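Here's the letter readout for the chains.
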Amino acid sequence: MEKTKLCVIGDPVEHSLSPVIHNTVLDFLGLPFAYGRVQMRAADTAAFLRQAKQEGYGGFNATMPHKTALVELVDELEEDARLFRAVNTVVLRDGKSIGCNTDGDGFLQMLLERGFSPEGKTVTVLGAGGAARAVVLKLAQAGALRIFVCNRTVEKARELEREFTAQITALPFEAQVLRDCALFSDLMVNTTPMGMTNVAGQFDDLSFLDDLKQNALVCDLIYSPAETEFLRYAKEKGHPTANGLGMLIHQALFALEKFTGAEIDREAVLPAVEAELKKKMKA
Ligand code: NAP
């Protein structure tokens, strides 16, 4: 039987882990889809969307720099994509394109897997870029009591504050502010690229983590390296930690459910996905 095409588009896209995750699950479940990768310049997003419809694609994922442009290009938008102002998953069905965003659900699922429910909790989020938007708004939807968003450009954090005024507080990214937030936080999440492989820039000072509430969970959206300085410092202080791999895997599984209509048993597929990713990341 001919397989329905799926892919990830991006620029760059050669290091994307999406094909490994998706194809491992598709093989494991015996679903008739094949997932590839397509290098695509920002100027070509609209043309690719038309081409994908014509070629009978079941859908595609989008990474930088296509996520924002797709908001205006798809025929319909799901609620999270509208709220996050970004599309990471396009489902093509009956000649229509539906823009979705599974990043927030992926993040939330990773937290739940760690036994952390945001309801009634205080959270500090470092950064207010695209990924932070999904994380912060999903935490607010999931009932977090207070979310401190600390960002270098505080106006960007204020944009988030305007969405959920009662729960979100915009703050500057300053040592004393981070310390004060840490005192009350059950969860601290780094959504900045500081500490990422091949990205210049590290935290000048991580001692704000000394003031973090006991047993607070510390997450980094970065998964390469597997342990950033930020996570290492938190771990040394005795905090449970999680890198960005869980979010990456879960956002992919939510996307795959949308593409295929299948309900994925996460416990069944995760060992196979993790084993394949381990091989790939070592290579
Ligand atoms: P982005 O839109 O460019 O936002 C980056 C944020 O980090 C901005 O708020 C920026 O502050 C802040 N920042 C950057 N350099 C900084 C520095 N030196 N000091 C203080 N703040 C700094 O990027 P993004 O798309 O949100 O991605 C952020 C990170 O999340 C990346 O590492 C990405 O790989 C990761 N990510 C992971 C997943 C996953 O599934 N695990 C998914 C998406 C993203 P300003 O506003 O002041 O510029």
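In this report, we go over the structure that sits alongside the text.

The rules we used
- Residues numbered from 1 in each chain as written.
- Predicted model: local features only at pLDDT ≥ 70, side-chain atom pairs only at ≥ 80, totals over all residues.
- Heavy atoms only, no water.
- Helix = DSSP H or I, 4+ residues; strand = E, 2+ residues; numbered from the N terminus.
- Rg over C-alpha atoms; globule rule 2.2 N^0.38 Å.
- Buried < 20%, exposed > 50% of the residue type's maximum accessible area, 1.4 Å probe, protein only.
- Near = heavy atom within 4 Å.
- Polar contact = N/O pair within 3.5 Å; in protein donor to acceptor, adjacent residues only side chain to side chain.
- Areas by Shrake-Rupley, 256 points an atom, 1.4 Å probe, with all protein chains shown as cover.
- Nonpolar A, V, L, I, M, F, W, Y, C, P; charged D, E, K, R; others polar.
- Phe/Tyr/Trp six-rings, centres within 6.5 Å; stacked < 30°, edge-to-face > 60°.
- Contact = heavy atoms within 4.5 Å.
- Arc of directions from axis to C-beta.
- Axes fitted to C-alpha atoms, helices over the stretch in contact; angles between N-to-C directions.
- Parallel < 35°, antiparallel > 145°, perpendicular 65-115°, else oblique.
- Left-handed = near helix turned anticlockwise from the far one by under 90°.
- Pairing = 2+ DSSP bridges.
- Expected span 1.5 Å × (residues − 1).

Helices and strands together make up the secondary structure of the protein chain, namely eleven helices and twelve strands. Relative to the globule expectation of 19 Å for 283 residues, the C-alpha radius of gyration of the protein chain, 19 Å, shows essentially globular dimensions. Across its three principal directions, the C-alpha atoms of the protein chain cover 60 × 40 × 35 Å. Taken over 283 residues, the protein chain has a buried fraction of 51%.

So, on to the site of the ligand. For the ligand, the set of nearby residues contains 20 residues, the closest of which are Ala-128, Ala-131, Asn-151, Thr-153 and Lys-156. Gly-129 places a main-chain nitrogen or oxygen 3.3 Å from an oxygen atom of the ligand. The contact in question runs from a nitrogen atom of the ligand to an N or O atom on the backbone of Leu-221, over 2.9 Å. Relative to its unbound accessible surface of 930 Å², the ligand loses 75% to contact with the protein. Those elements that place two or more of their residues in the shell around the ligand are helix 6 (130–141) and helix 10 (245–260). Taken together, the residues of the shell around the ligand break down into ten nonpolar, eight polar and two charged.

Going through the model one piece at a time under the given rule, you end up with five aromatic pairs. Between Phe-48 and Phe-60 the ring centres are 5.0 Å apart and the planes differ by 80°, which places this aromatic pair in the edge-to-face class. Of this pair, Phe-48 sits in helix 2 (residues 45–54) while Phe-60 is found in strand 3 (residues 59–62), placing the two residues twelve residues apart along the sequence. When its relative accessible area of 0% is taken as the criterion, Phe-60 is described as buried. Ring centres of Phe-203 and Phe-208 lie 6.2 Å apart, and the angle between their planes is 50°; on these two criteria the pair is classed as tilted. Among the residues examined, Phe-203 registers a relative accessible area of 12% and is labelled buried. Using a relative accessible area of 3% as the deciding quantity, one classes Phe-208 as buried. By the ring-pair criterion, three or more aromatic residues cluster together here, those being Phe-173, Phe-203, Phe-208 and Phe-230.

Counting through the fold element by element, Asn-88 comes out in the loop between helix 4 (79–84) and strand 5 (89–93). Relative accessible area serves as the criterion here: at 3%, Asn-88 is assigned to the buried category. At a separation of 2.9 Å, a polar atom in the side chain of Asn-88 contacts the main-chain amide nitrogen of Thr-102. When near neighbours in sequence (up to four residues on either side) are disregarded, Asn-88 contacts Phe-60, Asn-61, Ala-62, Lys-67, Cys-100, Asn-101, Thr-102, Asp-103 and Gln-251.

Within helix 9 (residues 229–236), burial applies to Phe-230, Leu-231 and Ala-234. On an axial view of helix 9, the arc spanned by its buried residues comes to 95°, and they lie on one face. In this fold, the buried residues of helix 9 make contact with strand 7 (122–126), strand 10 (187–190), strand 11 (217–220) and strand 12 (241–242).

Attention now moves to the packing of helix 1 (residues 18–29) against helix 11 (residues 266–282). It is the contact of helix 1 with helix 11, at a shortest axis distance of 9 Å, that shows an interaxial angle of 140°. Considering the angle they form, helix 1 stands oblique to helix 11. As helix 1 runs across helix 11, the sense of the crossing is right-handed. In contact with Val-20, Ile-21, Thr-24, Val-25, Phe-28 and Leu-29 of helix 1, helix 11 contributes Ala-268, Val-269, Ala-272, Val-273, Glu-276, Leu-277 and Lys-280.

Pairing in this open sheet of six strands is mixed, and the strands run 2-1-3-5-6-4 from one edge to the other. On the outer flanks of this sheet lie strand 2 (33–39) and strand 4 (76–77), each paired with one strand and no other. Lying on the sheet, helix 1 is in contact with strand 1 (4–10), strand 2 and strand 3; it crosses strand 2 at an angle near 170°.

If you check helix 6, its first and last C-alpha atoms are 17 Å apart, about what twelve residues at 1.5 Å a residue would give, namely 16 Å. Counting buried residues along helix 6, nine of its twelve residues qualify, which places the element largely inside the surrounding structure. Those residues of helix 6 not exposed but buried are Ala-132, Arg-133, Ala-134, Val-135, Val-136, Leu-137, Lys-138, Leu-139 and Ala-140. Downstream of helix 6 by a residue or two, Gly-143 has a phi angle that is positive, lying close to 95°.

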